[in-house]
Amino acid sequence: MRETTPSPRFHDSASRDLTSGGPSAIELAENLDTLSRAQLEDIQQRNLAATVNALRQNPDVAASWPGALDLRVARDLLKLPLFSPADLQETCPPASENLVLGDASAGLVLRSSGTSGLRKMIYHSWEFSRRVSYLGSRGVRSALKPRPRRVANFLYPGELNGAFGFAQEVTELLPAMAFPMGSSALASPETPEVLRDHQVDTVICSPSAGTQLLTGDDTRELLAGVVTNFLYIGEILGESRERRLAAARPDLTVRSFSYSTSETGPIGYQCAYQRGSTHHLHEDVLVVEVIDTEAERTQPDGRVGEVVVTTLTDSGMPLLRYQIGDEGYIETEPCLCGSAARQLTLTGRVGQSMNVDSTTISRDLVMERLGTLGITDPADCQFQVVQHGPDGPRGPGFSIRLLLSDRTPTGVTAEDAIAALYGAYHMGRVFTAPSYRGLTLERVDGSAFHHTPRGKTPFFVERPAH
Ligand SMILES: [Zn+2]
């Protein structure tokens, strides 16, 4: 461990990682924002070398990435094939332990909450898990100054979902007082009073539920001046929620808790200057690429492409050139905070689409057409496909229920929406399908959208008729 990059406290010999037979060689910066670009890339380079060294000792794992043992510098990654969620599903435990470095007898098991139906199991080492928590707390310290004192965690616990435990451990490392509420507490009428009575200053929550909690008619007054920080995680906040929060709670600081996935741990964090879906990258322990997937080349900074992440680790599951499913671009200008860590702005999920009666329609296509009606933020829309069974009044078939939040322009009718959507070739096929039963449009409070138990608000929802 070098003196220029102080190590977190868990990297002492007392907590050596027994599962990999020795202490981790992975280095972590205490504060990424104070390093020069050269210092940052030096750490990344040494962590890449430690990863390759661990792969060399585990030929079965190295075999998943032909050419991985020849990696010298980060740009050598471009020679490696991409690793897709389908690749991960095929090779992850219990199908195989060929992605796990060393002994997989101890660690943390998570399941990715992918919406595509693929069940991806991740076996993190405890050493990797501690690094995840450390990166999370490092990120929050960059986002919120002064740091939070009393933190309520409203994330979804259990079911192999790591977010709740992650928030607990980050709160411990800040250090701050933790209030482990869980997502079910959002429905409890006592919750706002608990937050007020205990002077909780920070809430960690999904964007949709957190916005509801902090701007709701019956809670806004109660929590004003008490909860002053909202840290969100799980999906993009979205411009309309951001506007609603700013209007209802101008005193509130709203930041991303962490841009993180079950597979990779934290990828990005926000500094005090960043908003929305822009994050600095944890580049000491990650290599992030934005690529043009079809042309198989790196996108120039400023151009949207697929986000591909390489995690640098010498225990647990390293992932090289993993397609996490997000799209975004690298900012061309440095951040006002002066950090040398590059900035990634997320623009959405790759290929967000749904199959409707054997026609594939994409979110981008739907939003492009709705844009002609002045509806521009995907967070304001939910496209529900309702399946009717043979017992329905008109037999089996499907109808479309288009939900628009009350933040969208008034006066848009179902006829307007059909006319706008019809203009897109694929949507025309949906409207003329024999099993199509009609489209209804409803303007509702955003809380009336369908949310998953983990707090996500999908754009496309398929559900049976009641
Ligand atoms: Zn910054």
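All chains use their own residue numbering, which begins from 1 and follows the written sequence. Per-residue local features of the predicted model are confined to residues with pLDDT of at least 70, and side-chain atom pairs are confined, for both listing and counting, to 80 or more; whole-chain, interface and lining totals are unaffected and use all residues. Excluding hydrogens and water, the side-chain figures rest on all heavy atoms present in the structure.

Counting from the N terminus, the helices are DSSP H or I runs at least four residues long and the strands are E runs at least two residues long. Across its full length, the protein carries twelve helices and 21 strands. In terms of overall size, the protein behaves like a compact globule, its C-alpha atoms giving a radius of gyration of 23 Å where 466 residues would be expected to give roughly 23 Å. Counting only C-alpha atoms, the protein reaches 70 × 55 × 45 Å along its principal axes. In the protein, which comprises 466 residues, the share counted as buried stands at 52%. Two residues form a contact once any of their heavy atoms are found within 4.5 Å. Restricting to contacts in the protein with at least 6 residues of sequence separation, those with at least 24 account for 66%. The method behind every accessible area is Shrake-Rupley, applied with a 1.4 Å probe, and residues are considered shielded solely by the protein chains displayed. Accessible area for the protein stands at about 20500 Å²; split by element, carbon and sulfur atoms hold 51% of it. Averaged over its 44 positive side-chain charges, the protein has a centre that lies 1 Å from the centre of its 56 negative ones. Radius of gyration means the value over C-alpha atoms here, while the globule rule gives 2.2 Å times the residue count to the 0.38 power. Each residue gets one of three labels from its accessible area relative to the maximum for its type: buried under 20%, exposed over 50%, partly exposed in between, using a 1.4 Å probe on protein chains only. Residues scored as charged are limited to Lys and Arg (positive) and Asp and Glu (negative), so that His and the chain ends carry no count. Just so you know, the charge point we use is NZ for Lys, CZ for Arg, CG for Asp and CD for Glu.

Here the focus is the sheet that holds strand 11 (residues 286–292). The eight strands lie next to each other as 8-9-10-15-14-13-11-12, forming an open sheet whose pairing is antiparallel. Here the strands that pair on one side only, and so sit at the sheet edges, are strand 8 (259–261) and strand 12 (297–298). The pairing criterion for strands is at least two bridges between them, as found by DSSP. Examined bridge by bridge, strand 11 and strand 12 share two bridges and lie antiparallel to one another. In the sheet register, Ile291 faces strand 12, and the bridge partner there is Thr298.

We now examine the packing of aromatic side chains. The geometry of two aromatic rings is summed up by the distance between their centres and the angle between their planes. Here a Phe, Tyr or Trp ring, Trp counted by its six-membered ring, pairs with any other such ring whose centre lies within 6.5 Å, and the pair is stacked when the planes are under 30 degrees apart, edge-to-face when over 60, and tilted otherwise. One pass over the structure, following the stated rule, counts nine aromatic pairs. Ring geometry for Phe398 against Tyr436: centres 6.0 Å apart, planes inclined by 55°, an arrangement best described as tilted. Remark: Tyr436 occurs in strand 20 (residues 436–444) and Phe398 occurs in strand 19 (residues 397–405); sequence separation between them is 38 residues. When sorted by exposure, Phe398 lands in the same class as Tyr436, which is buried.

To continue, consider the coordination of the zinc ion. Bound to the zinc ion on the protein side are Cys271 (SG), His280 (NE2), Cys335 (SG) and Cys337 (SG), at distances that span 2.1 to 2.3 Å. One can describe the donor arrangement at the zinc ion as tetrahedral, given that its four donor atoms subtend angles of 104 to 115° at the metal. Site description for the zinc ion: donor spacing in sequence, C-x8-H-x54-C-x1-C. In this pair, Cys271 is assigned in the loop between strand 9 (265–269) and strand 10 (278–281) and Cys335 in the loop between strand 14 (322–330) and strand 15 (343–349), connecting sequence segments 64 residues apart. An identical accessibility class is assigned to Cys271 and Cys335; each is buried. Distances define the donors: N, O and S atoms within 2.8 Å of the metal qualify, as do those within 3.2 Å of Na, K or Ca. Water is excluded, so some sites may look unfinished. Every geometry call rests on angle ranges, with four donors termed tetrahedral when all angles are between 85 and 135 degrees, four termed square planar and six termed octahedral when opposite donors are over 155 degrees apart and all others are between 65 and 115, and everything else termed irregular.

Sheet architecture is open: five strands sit in the order 4-3-5-6-7, paired in parallel fashion. This sheet does not close on itself; its edge strands, each paired only once, are strand 4 (177–180) and strand 7 (253–256). Each neighbouring strand pair of the sheet contributes to a mean axis angle of 20°, computed without reference to strand direction. Bridge count between strand 5 (residues 202–205) and strand 6 (residues 229–232): four bridges; the pairing is parallel. Bridge pairing in strand 6 places Thr202 opposite Asn229. To get an axis, a line is fitted to the C-alpha atoms, and for a helix only the part in contact is used. The angle between two axes follows their N-to-C directions and goes from 0 to 180 degrees. On top of the sheet, helix 7 (residues 207–215) reaches strand 5 and strand 6; it is set at about 160° to strand 6, its chief contact.

Counting residues in hydrophobic clusters, the biggest one holds 43 residues, and the most contacted among them are Trp65, Leu88, Ile267, Val307 and Leu344. Mapped by element, the contributors of at least two residues to this core are helix 1 (37–56), helix 2 (59–62), strand 2 (121–124), helix 4 (126–143), strand 11, strand 13 (305–311), strand 14 and strand 15. The element best represented in this core is helix 1, accounting for five residues. Discounting chain neighbours no more than four positions away, the residues touching Ile267 are Tyr259, Ser260, Thr261, His280, Leu281, His282, Leu286, Val288, Val309 and Ile324. Judged by nonpolar contacts, the second largest core, of 28 residues, contains Ile361, Ile375, Met427 and Tyr436. The definition of a nonpolar core used throughout is a set of buried Ala, Val, Leu, Ile, Met, Phe, Trp, Tyr and Cys residues joined through side-chain atoms within 4.5 Å.

As a further point, take the packing of helix 4 against helix 5 (residues 163–173). Between helix 4 and helix 5, the shortest axis-to-axis distance is 8 Å and the interhelical angle comes to 60°. You can see that helix 4 and helix 5 cross each other, and the crossing is right-handed. Residue-level inspection shows Ser129, Val132, Ser133, Tyr134, Gly136, Ser137, Val140 and Arg141 of helix 4 in contact with helix 5, the latter providing Phe166, Glu169, Val170 and Leu173. Across the contact of helix 4 with helix 5, the residue classes break down as six nonpolar, four polar and two charged. A clockwise turn of the near helix away from the far one marks a right-handed crossing, whereas an anticlockwise turn of less than a right angle marks a left-handed crossing. Amino acid classes used here: Ala, Val, Leu, Ile, Met, Phe, Trp, Tyr, Cys and Pro are nonpolar; Asp, Glu, Lys and Arg are charged; the rest, including Gly, are polar.

So, about the packing of helix 7 against helix 9 (residues 239–248). The N-to-C vectors of helix 7 and helix 9 enclose an angle of 20°; their axes lie 10 Å apart at closest approach. Judged by the inter-axis angle, helix 7 sits roughly parallel to helix 9. The interaxial crossing formed by helix 7 with helix 9 has left-handed handedness. Mapping the contact onto sequence places Pro207, Ser208, Thr211, Gln212, Leu214 and Thr215 in helix 7 and Arg241, Arg244, Leu245 and Ala248 in helix 9. Looking at the contact of helix 7 with helix 9, its residues break down into four nonpolar, four polar and two charged. To sort the angles, those under 35 degrees are grouped as roughly parallel, those over 145 as roughly antiparallel, those from 65 to 115 as roughly perpendicular, and the leftovers as oblique.

Right, let's get into the confidence of the model for the protein. Think of pLDDT as the predictor's per-residue confidence, scored from 0 to 100. The predicted model of the protein averages 89 in pLDDT, with 94% of residues at 70 or higher. Per-residue pLDDT stays below 50 along residues 1–21; that stretch engages in 37 contacts with residues further than four places along the chain or on separate chains.

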